[in-house]
Amino acid sequence: MATEFAFPDNASKIEAAASQEFQTEKMSLAMGPSHPSTHGVLRLQLELDGEIVTRCDPMLGYLHRGDEKIAENMTYNQFVPYTDRLDYLAPLANNVAYAIAVEKLAKLEVPARCQAIRVIVSELARISAHLLGLGAYGIDVGAWAVFLYAFEEREKLYRLFEELTGARFTTSYTRIGGVARDVPEGWTGRVDAFCEQFLPILEETLSLLTRNKIFQDRTAGVGIISKEDAIAYGLTGPNLRGSGVGLDLRKDRPYSGYEQYEFDVPVGNNGDCLDRYLCRGEEMRQSVRIIRQAIKKFPSGAWYAEEAKKIFAPQKAKVLTSMEELINNFMIVTEGPQMPAGEVYFEAENPKGALGFFIVSKGGGVPWRMKIRSPSFCNLSILPKVCKGPLVADVVSILGSLDFVMGECDR
Amino acid sequence: MTATADVTAALQSKFPRVTPRPSGDHPAVNLPPSEVVAALKYLRDEFAYDLLVDITAVDWGVEASPRFTVIWHLLSTTRHEYVRVAADCAGDTEPVAPTATGLWPAADWHERETYDLLGVKFENHPDLRRILMWEGYPYHPLRKDFPLAGIDVPLPDIEVADITGASVKPAPMMGGPFVASSGEMNLTEAEPRAKDESWTERKEKPADEQ
C-alpha cells in the first residue's frame, strides 16, 4: 500500500526563517545630481533592496533655465543662441530644427543650397553627438580607450564647425530663412576628407566595444524596453529604433530635402542597451553616407531665402549702401522677422530623438508661446519602468544607453 | 489633404461637439475637456495615433476667458501623421483638464510639467507633483502674469535659507535689456526693452502687492 510521500516543505521553512532572521531593509539612495554617469545634473532617487533597485524616481529641473519663458520675450532670431543650449552636444541640429519650425509658420521654403547645408551640418552634429555618447558610454561601462578615440574625431569635427560658424560649441548657425553665412571656400572638400578618414576609425572604435566580452556582459539583455513600452512612453530616436520601431522622421516625414538622399534606418531586435548602442553606431555610418551624397550634388545658388525680405536680414554690404536694405535690416533686428498668426508644430530627427517646437503666434516678430518638446525629457520618462529590478551597476549602463542631455531635458 | 479631412470628419461624426481648429500644418480639432480622453482613445485605436508626442498648454493672457487651452499632439508610428487636439480649460485661475495617463504612461511627465509651469490641474493624475521647479515653489512661471525677471522666493532648502538668509532673487536687468513683446504692434512698442521699468539696479523695486 503506497502512502503518499510528502516532501518536507523546506522552501517555505527557509523563507519563513529568512523573513525572521535576514529581514532586509530597503535603502534609499540619491544618485546624483552630481554623478559621473548621470551625464549632467540628474538625480535618481533609488530605493534599494541590497544590490537590486526596487524603485527609481528621477528628479529633474536642476538645469531649468526657463527657455520657453525666455522665448516668449524675444524675437525669433534672438532665440537661436538659446537653441544651442538645448542639446548642447548637437547645437547645429537644434539650430536647424528651430529654423525649420519657424519657417513652417511663415510658410517659407529655403533654397536648395541652404537645405543641403542644413542637412550636412545636422548630420555632422549627429556624428559628433553620437561620438560623445559612445565615448561616455564606454567610460560608464569601463572602457576608457573608446572615449579617447571618439574625442579625437570630435575635435576634427569641431574644427570644421569653427571654420563654418566661428564657434566650436555654441554655433548659432541658422537664421530664420537661411543660415548665418555661406560655407567657406573648400569647406565641403574638407568635410569629405573627414568622412574618408573617419569611417575606418569608426570601425576600429566600434570594434573595441561591439564584441568585447565585458561590454557584452554589461549591455546585452540589460535594460530591455519592449516595442509597446517604447511607443507608450513616447520614446523617439535611437532609443525607439533600438526597440524595433523603425520611425525616423528624416525618412517618414522628410524635411530640408532629406527625401533626395539614400540611407538606411537601423532597427534593433531586443530593445536592450546593446541594441541602442548598435543603432547609434550604424547611424554614424548612415550619416556619413548622407553627407557624401549631399556634398556630391551640393547645389549652387542662394543660401538664404532672398524673396523673404521681412524675414531674412539683407547682406551687410547692401545694408551700408542701400536705403531699402537698411530699413529692412533695422526692422528685422528691432521687431524680429515678421510672422503670420497661427499654430505650428514641427519635429526634426535629432541625435537624441524628435526635437519638436510648438509655436503659437499672434503675428509679429515674437512668439506668443513656444513649447519645446525635448526628446531627452520623454526618453527619461521610461526610467521608473525600466529601472525596476536591475542591479545598481545596470542603472549606470541603462542611463548611458538612453543617451540623454540634461540641458535639453530641463530646458 | 485627404487624411486631414478624414480624421476631422470622423471625429466630428463620432463626437458632435468637435469643431475644426485653424491650423497651418496638421489636422487639428477643438473639443470640450469632458470628451478629450474618449477622443484621444478613439484616435489611438481607430487611427493608429499610437505615440503621444507632447502635452502642453497655452496661457492666452490674464484677461482672456477661457484663459488656458491644453494641447495634445499625437503621431502615428505607422502612418507618420500628426494630429493636434485642443481643449479650453474650465476655470481661469485654477484650470482643470482630464488626464491621459490612462492611455499613455508618457502623459505622466508631460502633465506634471504643464501643471508645474502653467498650473493646469490634471484630474485623476496619479502623482501630480512639480517636475522642473522644486516642490513648494509658489508660482507657475509660464503664466503670463509671472514676470520675466522672476519673483523673490525663499530657497528650496529651508535650513540653508534660515542660516544664510538668502533667497532666490529675480534676474538682473529686469530679465534682460533686449526683450520684446508678441503680437502686431507699432515700431515703438515692438522695440526690445526691459519688461518691468518700474525699477532698475539703482532704483529699489516697489514692494509686491501680494
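For the structure itself, look to the data block above.
The following paragraphs examine the structure supplied in this document. (Residues numbered from 1 in each chain as written. Chains lettered and ligands numbered in written order. Predicted model: local features only at pLDDT ≥ 70, side-chain atom pairs only at ≥ 80, totals over all residues.)

### Focus on the overall build of chain A
- Tallying secondary structure elements over chain A gives 18 helices and eight strands in all.
- Considering chain A as a whole, with its 411 residues, one finds that 53% of them fall into the buried category.
- A separation of at least 24 residues holds for 71% of the contacts in chain A among residues at least 6 apart in sequence. (Helix = DSSP H or I, 4+ residues; strand = E, 2+ residues; numbered from the N terminus. Buried ≥ 20, exposed ≤ 12 C-beta atoms within 10 Å, placed from the backbone. Contact = placed C-beta atoms within 7 Å.)

### Here we look at the overall build of chain B
- For chain B, the helix and strand inventory stands at five helices and nine strands.
- Listed N to C, the secondary structure of chain B is α-β-β-α-β-β-β-β-α-β-β-α-β-α in terms of helices and strands.
- For chain B, the residues scored as buried account for 36% of the 210 residues in total.
- Restricting to contacts in chain B with at least 6 residues of sequence separation, those with at least 24 account for 45%.

### Digging into the pairing of strand 2 (residues 28–31) of chain B
Residue and element names in this part refer to chain B.
- Relative to strand 2, strand 1 (residues 19–20) is paired through two bridges, and the arrangement is antiparallel. Paired with Pro 20 across the bridge in strand 2 is Val 29.
- Where strand 2 meets strand 5 (residues 82–88), four bridges bridge the pair, whose relative direction is parallel. Bridge pairing links Leu 31 to Ala 87 in strand 5. (Pairing = 2+ DSSP bridges.)

### Observations concerning the interface of chain A and chain B
- Taken together, the contact between chain A and chain B spans 45 residues of the former and 41 residues of the latter.
- For the side of chain A that touches chain B, the elements supplying multiple residues, two or more each, are helix 2 (67–71), helix 4 (91–106), helix 9 (227–232), helix 14 (323–335), strand 6 (339–350), strand 7 (353–364), strand 8 (369–373) and helix 15 (375–380) of chain A.
- It is strand 7 of chain A that contributes the most residues to the side of chain A that touches chain B, six residues altogether.
- Residue composition of the side of chain A that touches chain B, grouped by class: 17 nonpolar, 15 polar and 13 charged. (Nonpolar A, V, L, I, M, F, W, Y, C, P; charged D, E, K, R; others polar.)

### Notes on the sheet that holds strand 6 of chain A
All names here are of chain A.
- Strands sit in the order 6-7-8 across an open sheet of three strands; the sheet is antiparallel. For this open sheet the edge positions go to strand 6 and strand 8, each flanked by a neighbour on one side alone. On average, each strand axis in the sheet is inclined to that of its neighbour by 5°, with strand direction left out of account.
- Packing against the sheet, helix 4 makes contact with strand 6 and strand 7, and its axis sits at approximately 145° to strand 6. (Axes fitted to C-alpha atoms, helices over the stretch in contact; angles between N-to-C directions.)

### Some thoughts on the sheet that holds strand 4 (residues 68–75) of chain B
All names here are of chain B.
- An order of 1-2-5-4-3 is seen for the five strands of this open sheet, with the pairing classed as mixed. Single-partner strands in this sheet number two, and they are strand 1 and strand 3 (51–59).
- On the sheet, helix 2 (residues 36–46) packs against strand 2, strand 4 and strand 5 and is oriented at approximately 175° with respect to strand 5.
- Against the sheet, helix 3 (residues 107–118) contacts strand 3 and strand 4, and its axis sits at roughly 10° relative to strand 3.

### What about the environment of B:Val153?
- Among the structural elements, B:Val153 can be located in strand 8 (residues 153–154).
- For B:Val153, the contacting residues outside a window of four places in its chain are B:Tyr137, B:Pro138, B:Ser167 and B:Val168.

### Observations regarding the packing of helix 4 of chain A against helix 5 (residues 112–140) of chain A
All names here are of chain A.
- The geometry of helix 4 relative to helix 5 is characterised by a closest axis approach of 7 Å and an angle of 140° between their N-to-C directions. Classified by the interaxial angle, the pair formed by helix 4 and helix 5 is oblique. Helix-helix and strand crossings are classified by hand; for helix 4 and helix 5 the assignment is left-handed. Packed against helix 4, whose contacting residues are Leu 92, Ala 93 and Val 96, the element helix 5 presents Arg 118, Val 121, Ser 122, Leu 124, Ala 125 and Arg 126 at the interface.
- Each residue belonging to the contact of helix 4 with helix 5 can be placed in one class, and the counts come to six nonpolar, one polar and two charged. (Parallel < 35°, antiparallel > 145°, perpendicular 65-115°, else oblique. Left-handed = near helix turned anticlockwise from the far one by under 90°.)

### Examining the environment of B:Asp50
- Inspection of the secondary structure puts B:Asp50 in the loop between helix 2 and strand 3.
- Between the C-alpha atom of B:Asp50 and that of B:Trp104, which follows or precedes it by 54 residues, the distance is 8.8 Å.
- Each residue touching B:Asp50, except ones within four places of it in the same chain, is listed here: A:Ile231, B:Arg44, B:Ser76 and B:Thr77.

### Some details on the pairing of strand 3 (residues 52–59) of chain A
All names here are of chain A.
- Relative to strand 3, strand 2 (residues 43–49) runs antiparallel, the two being bridged by seven bridges. Across the sheet, residue Glu 47 finds its bridge partner in strand 3, namely Arg 55.
- What sits between the antiparallel neighbours strand 2 and strand 3 is a turn of two residues, in which Gly 50 has the positive phi angle 65°.

### Observations regarding the environment of A:Trp303
All names here are of chain A.
- Topologically, Trp 303 is positioned in the loop between helix 12 (273–296) and helix 13 (316–319).
- Overall, the presence of 22 C-beta atoms within 10 Å leaves Trp 303 in the buried class.
- Taking the C-alpha atoms as reference points, Trp 303 and Ala 143, 160 residues apart in sequence, are found 43 Å from one another.
- Ignoring any residue separated from it by four or fewer positions in sequence, one finds Trp 303 in contact with Pro 111, Arg 113, Cys 114, Ile 117, Gly 178, Val 179 and Asp 182.

### Some details on helix 2 of chain B
Residues and elements named next belong to chain B.
- Listing the buried residues of helix 2 in full gives Val 36, Ala 39, Leu 40 and Leu 43. Considered in projection along helix 2, the buried side chains sweep an arc of 100° and stay on one side of the axis. For helix 2, the exposed residues set more than 90 degrees away from the buried face come down to Asp 45 and Glu 46.
- Backbone geometry just downstream of helix 2 places Ala 48 in the positive-phi region, at approximately 60°. (Arc of directions from axis to C-beta.)

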